[in-house]
Amino acid sequence: MIGIRIRYERHEQSVTIPELAAKAGVEEECLRAVEEGGNQTPSVSFLEKVAKGLDLPPDGFLDNSSLEDEELDTEWLALVETAMDSGVTKEAFRRFLEEQMRKRGGF
């Protein structure tokens, strides 16, 4: 959930992973791993640096109310349901999204 929150905040501010990593003083690979929800468990120090890089309070990733209160609009929901019904795997969909973000320089 923290990785999702970081990605959400980063996208809200239109900041790329390399930009945030540099601003926060963390390794780009570590930041990417946390966002992608890999086996990487971020330390408190790491989270504080990333929060500072995003101009959030040190506990900025612990309050998920703004993220949880957002509703997924019906068009997005329909697209996700269509993807699921078509048999596209989560991994294939994730790779597609990552490729699109790389093309735009945002991943």
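On a predicted model such as this, the values are computed, not experimentally measured, just so you know. (Residues numbered from 1 in each chain as written. Predicted model: local features only at pLDDT ≥ 70, side-chain atom pairs only at ≥ 80, totals over all residues. Heavy atoms only, no water.)

1. Some thoughts on the overall build of the protein
Phase 1: Within the protein, the secondary structure is distributed over 7 helices and 0 strands.
Phase 2: Summing over all exposed atoms, the protein offers an accessible surface of approximately 7,400 Å²; the carbon and sulfur share of this is 53%. (Helix = DSSP H or I, 4+ residues; strand = E, 2+ residues; numbered from the N terminus. Areas by Shrake-Rupley, 256 points an atom, 1.4 Å probe, with all protein chains shown as cover.)

2. Points about the packing of helix α2 (residues 17-24) against helix α3 (residues 28-35)
Phase 1: Packing of α2 against α3 brings their axes to within 9 Å, and their N-to-C directions diverge by 120°. Our classification of the angle between α2 and α3 gives oblique. Helix-helix and strand crossings are classified by hand; for α2 and α3 the assignment is right-handed. Every residue of α3 that contacts α2 at I17, P18, L20 and A21 is listed here: E28, L31, R32 and E35.
Phase 2: In the contact of α2 with α3, the residues fall into 5 nonpolar, no polar and 3 charged. (Axes fitted to C-alpha atoms, helices over the stretch in contact; angles between N-to-C directions. Parallel < 35°, antiparallel > 145°, perpendicular 65-115°, else oblique. Left-handed = near helix turned anticlockwise from the far one by under 90°. Contact = heavy atoms within 4.5 Å. Nonpolar A, V, L, I, M, F, W, Y, C, P; charged D, E, K, R; others polar.)

3. Concerning the packing of α2 against helix α4 (residues 44-53)
Phase 1: Contact pair α2 / α4: the axes reach a minimum separation of 8 Å and the direction vectors enclose 110°. One finds that α2 runs roughly perpendicular with respect to α4. Where α2 abuts α4, its residues L20, K23 and A24 lie against K49, V50 and G53.
Phase 2: Residues that form the contact of α2 with α4 fall into these classes: 3 nonpolar, 1 polar and 2 charged.

4. Remarks on the pattern of salt bridges
Phase 1: Tallied over the entire structure, the rule returns 7 salt bridges.
Phase 2: As a salt-bridge pair, R94 and E91 come within 3.2 Å of each other at their nearest N and O atoms. Highlighted residues: R94 and E91, both in helix α7 (residues 90-104), separated by 3 residues, approximately one helical turn.
Phase 3: Exposure remark for R94: the relative accessible area of 37% places this residue in the partly exposed category.
Phase 4: A salt bridge links R95 to E91, with the nearest nitrogen and oxygen atoms 3.8 Å apart. Taken together, the residues R95 and E91, both in helix α7 and 4 residues apart, mark about one turn of the helix. (Salt bridge = Lys/Arg side-chain N within 4 Å of Asp/Glu carboxyl O. Buried < 20%, exposed > 50% of the residue type's maximum accessible area, 1.4 Å probe, protein only.)

5. Considering helix α6 (residues 74-85)
Phase 1: The terminal C-alpha atoms of α6 lie 16 Å apart, and with 12 residues this matches the ideal 16 Å at 1.5 Å per residue to within 8%.
Phase 2: Taken across its 12 residues, α6 has 1 buried, putting it largely on the surface.
Phase 3: Among the residues trailing α6, G87 stands out with phi positive, at a value near 90°. (Expected span 1.5 Å × (residues − 1).)

6. Points about a nonpolar patch on the surface
Phase 1: Residues V88, F93, F96 and L97 make up a contiguous nonpolar surface patch of about 340 Å² in total accessible area.
Phase 2: The residue V88 is located in the loop between α6 and α7 in this model. (Patch = residues over 30% accessible without salt bridge, like charges linked within 9 Å, V, L, I, M, F, W, Y side chains within 5 Å.)

7. Topic: the environment of V34
Phase 1: Topologically, V34 is positioned in helix α3.
Phase 2: Using a relative accessible area of 5% as the deciding quantity, one classes V34 as buried.
Phase 3: Separated by 27 residues in the primary sequence, V34 and R7 have C-alpha atoms spaced 9.3 Å apart.

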